[in-house]
Amino acid sequence: MKWNNIVGQDSAKTYLKSIIRQGRVPHALLFSGPEGTGQLPLALALASTLQCESPVNEEACGVCPSCIKSFKYNHPDVNFVFPVAVLGQERKSITHFMKDFKEQLLEKPYMSFEDWAYKIGIENKHANINAADIRSIKQTLSLKRHEGRSKVMIIWLPEYLGTEGNILLKLIEEPEDNTHLLLVTEKKEAILPTILSRCQSVDTFLLSDDVISEAVMQQTGCSREAAKEAAWLSEGRFNVALQKVNSAEEKDSSGFLDWLRMCYKANPEDLTKWADDFHNMSYESKKHFLSYGLHFLQQCLKAHFLPTDRWRVSEEEKKSMKSLVKIMRPDTIEKAHHLFNDNFVFLERYANAKLIMMSSSLKMHHWLRSEA
Ligand SMILES: [Zn+2]
């Protein structure tokens, strides 16, 4: 990863380059900010630069043997720790998933935890980083450097450490020579204060629509119009903008809007068939439907108070929103939003998807009709 491949976050880049220039990269750094804003890419770029044999202006050269390995995430002195879960009968070690993790870094350096969980098939399982994982970090860091200029350990999502955070604290407090721990988080508040106070913070922020749309155009080759819409919908998160451009967002919206229309009519046969189909969808598609519903309802709530040009929705959605806000008061939209939130939790607890959606459809019908 090169600095130039990172979207925006200029102040973080300037800071990181300055500490590299001064040879003052701290032992422990914490990259934190909202999901999809570039914490992980920044840590990756720092790691490559630290290993490069002849960096130019605090930028990895990209051609030396170290860079060749770093850019494939195969440098022996850059190691990774990340949350995993039970797969099959047992909880596999991080090493078991390393190949997948590196593939995902190449493919989606802006990945979210959901992307990762989906990639390795642990979607609805409780993921963590456990004591054995941390002990193996300790062991790796105490080994002699292979060939690099320093040893780097990237700990992605340390919030998944839970009570094992204390073991990490020990590692931070007793640094090995020439080692750097790069912690990358989306939930700073979930990290032990004792760890936070010992790390130098590098913060990332939600990105502007202009910065996102330029980058989306460059990376995907999509039209300016599509990039602008994706940026607008992403609300500052680059990973979401890429998803909006790449995925069949149209299908999301039409699926949800069809469901709303069905709830309005409430033909029992249609509703039952729809709930059956929902039941048979993959776990990921179910979650996708619910998260789209949450996004749409949230926008509907805003639509009550904001002028149409501030609605973060596509033209097709805008039409449906206009009719929906006419018949649903803000407090009812809020109720529907709560319902979708609850459905998310029920789904994660393996509740029967058909029953969840049948009951949601009837509630929605009641809300749509009682105010129409
Ligand atoms: Zn190099």
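About the criteria used
- Residues numbered from 1 in each chain as written.
- Predicted model: local features only at pLDDT ≥ 70, side-chain atom pairs only at ≥ 80, totals over all residues.
- Heavy atoms only, no water.
- Donors = N, O, S within 2.8 Å, 3.2 Å for Na, K, Ca; no water.
- Tetrahedral: all angles 85-135°; square planar, octahedral: opposite > 155°, others 65-115°.
- Helix = DSSP H or I, 4+ residues; strand = E, 2+ residues; numbered from the N terminus.
- Buried < 20%, exposed > 50% of the residue type's maximum accessible area, 1.4 Å probe, protein only.
- Pairing = 2+ DSSP bridges.
- Core = buried A, V, L, I, M, F, W, Y, C linked by side-chain atoms within 4.5 Å.
- Domains from an automatic or database assignment.
- Contact = heavy atoms within 4.5 Å.
- Salt bridge = Lys/Arg side-chain N within 4 Å of Asp/Glu carboxyl O.
- Expected span 1.5 Å × (residues − 1).
- Axes fitted to C-alpha atoms, helices over the stretch in contact; angles between N-to-C directions.
- Parallel < 35°, antiparallel > 145°, perpendicular 65-115°, else oblique.
- Left-handed = near helix turned anticlockwise from the far one by under 90°.
- Nonpolar A, V, L, I, M, F, W, Y, C, P; charged D, E, K, R; others polar.
- Phe/Tyr/Trp six-rings, centres within 6.5 Å; stacked < 30°, edge-to-face > 60°.

With that out of the way, let us pick up the coordination of the zinc ion. Donor atoms from the polypeptide that coordinate the zinc ion comprise Cys52 (SG), Cys61 (SG), Cys64 (SG) and Cys67 (SG), at 2.3 Å from the metal. The site at the zinc ion holds four donor atoms, and with the angles between them running 104 to 120°, its shape is tetrahedral. In primary-sequence terms, the residues that donate to the zinc ion follow C-x8-C-x2-C-x2-C. Here Cys67 lies in helix 3 (residues 65-70) and Cys52 lies in the loop between helix 2 (39-51) and helix 3, a separation of 15 residues in the sequence. The class of Cys52 is buried, set by a relative accessible area of 0%. You can call Cys67 buried: its relative accessible area is 1%.

Turning our attention to the pairing of strand 5 (residues 151-156). Among the six residues of strand 5, six are classified as buried, and the element is accordingly described as predominantly covered. Along strand 5, one buried face is formed by Lys151, Met153 and Ile155 and the opposite face, lined by Val152, Ile154 and Trp156, is buried too. Inspection of the sheet shows strand 2 (residues 78-81) paired to strand 5 by four bridges, in the parallel sense. Looking at the pairing, Asn79 lines up with Met153 of strand 5.

Now for the nonpolar core. One finds Phe31, Leu46, Phe80, Phe82 and Ile154 to be the most contacted residues of the largest nonpolar core, which totals 76 residues. With eight residues, helix 2 is the single largest residue contributor to this core. The residues that make up this core include at least three from each of domain 1 (3-205) and domain 2 (207-247). Every residue in contact with Ile154, bar those within four places of it in the chain, is listed here: Leu40, Ala43, Leu44, Ala47, Val78, Asn79, Phe80, Val81, Leu182 and Val184. Counting residues in each nonpolar core, the second largest holds 34 residues, with Phe278, Tyr292, Met321 and Phe340 among its members.

Non-glycine residue Tyr73 carries a positive phi angle of around 60°. Structurally, the position occupied by Tyr73 is in the loop between helix 3 and strand 2. Judged by its relative accessible area of 6%, Tyr73 falls in the buried class. In this structure, Asn178 takes a positive phi of about 55° despite not being glycine.

Our focus in this paragraph is the pattern of salt bridges. Within this structure, the stated rule accounts for 15 salt bridges. Between Glu174 and Lys170 there is a salt bridge whose closest N-O contact spans 3.6 Å. The class for Lys170 is partly exposed, based on a relative accessible area of 49%. Several salt bridges converge on common partners, so that one network encompasses Lys99, Glu103 and Lys119.

With that out of the way, let us pick up helix 15 (residues 315-327). Between its terminal C-alpha atoms helix 15 stretches 19 Å, which fits the 18 Å expected from 13 residues at 1.5 Å a residue. Among the residues making up helix 15, those that are buried are Glu317, Lys318, Ser320, Met321, Leu324 and Val325.

The next point concerns the packing of helix 14 (residues 283-303) against helix 15. Their axes nearest at 10 Å, the elements helix 14 and helix 15 cross at an angle of 60°. By the angle class used here, helix 14 and helix 15 are oblique. Crossing handedness for the pair helix 14 and helix 15: right-handed. Residues Tyr292, His295, Phe296, Gln299, Cys300 and Ala303 of helix 14 pack against Glu317, Ser320, Met321, Leu324 and Val325 of helix 15. Here the residues of the contact of helix 14 with helix 15 are counted per class, giving seven nonpolar, three polar and one charged.

The next subject is the packing of helix 1 (residues 10-21) against helix 2. Close contact between helix 1 and helix 2 brings their axes to 11 Å; oriented N to C, the two are set at 20°. In terms of orientation, helix 1 and helix 2 fall into the roughly parallel class. As for how helix 1 packs across helix 2, the hand of that crossing is right-handed. Contacts from Ala12, Lys13, Leu16 and Ile20 of helix 1 reach helix 2 at Leu42, Leu46 and Thr49. Considering only residue class, the contact of helix 1 with helix 2 consists of five nonpolar, one polar and one charged.

Looking now at the domain arrangement of the chain. Domain annotation of the chain identifies domain 1 (3-205), domain 2 (207-247) and domain 3 (248-371). Using only C-alpha atoms to locate each centre, domain 1 and domain 3 end up separated by 37 Å.

Residue pairs three or four apart in sequence face the same way in an α-helix, which turns once every 3.6 residues. The terminal C-alpha atoms of helix 2 lie 19 Å apart, and with 13 residues this matches the ideal 18 Å at 1.5 Å per residue to within 8%. Counted residue by residue, helix 2 has 13 buried out of 13 residues, so it is predominantly covered.

The subject of this paragraph is the packing of aromatic side chains. Working definition: an aromatic ring pair is given by the centre-to-centre distance plus the angle between the planes. Under the definition given, this model contains 21 aromatic pairs. Taking 5.7 Å as the distance between ring centres and 40° as the angle between the ring planes, the aromatic pair formed by Phe256 and Trp259 counts as tilted. With Phe256 and Trp259 both in helix 12 (residues 249-265), this residue pair falls three residues apart, about one helical turn. In this structure, Phe256 and Trp259 share a single accessibility class: buried. Pairing Trp259 with Trp274 gives two aromatic rings, centres 5.9 Å apart and planes at 35°, and the pair type is tilted. In this pair, Trp259 is assigned in helix 12 and Trp274 in helix 13 (residues 268-280), connecting sequence segments 15 residues apart.

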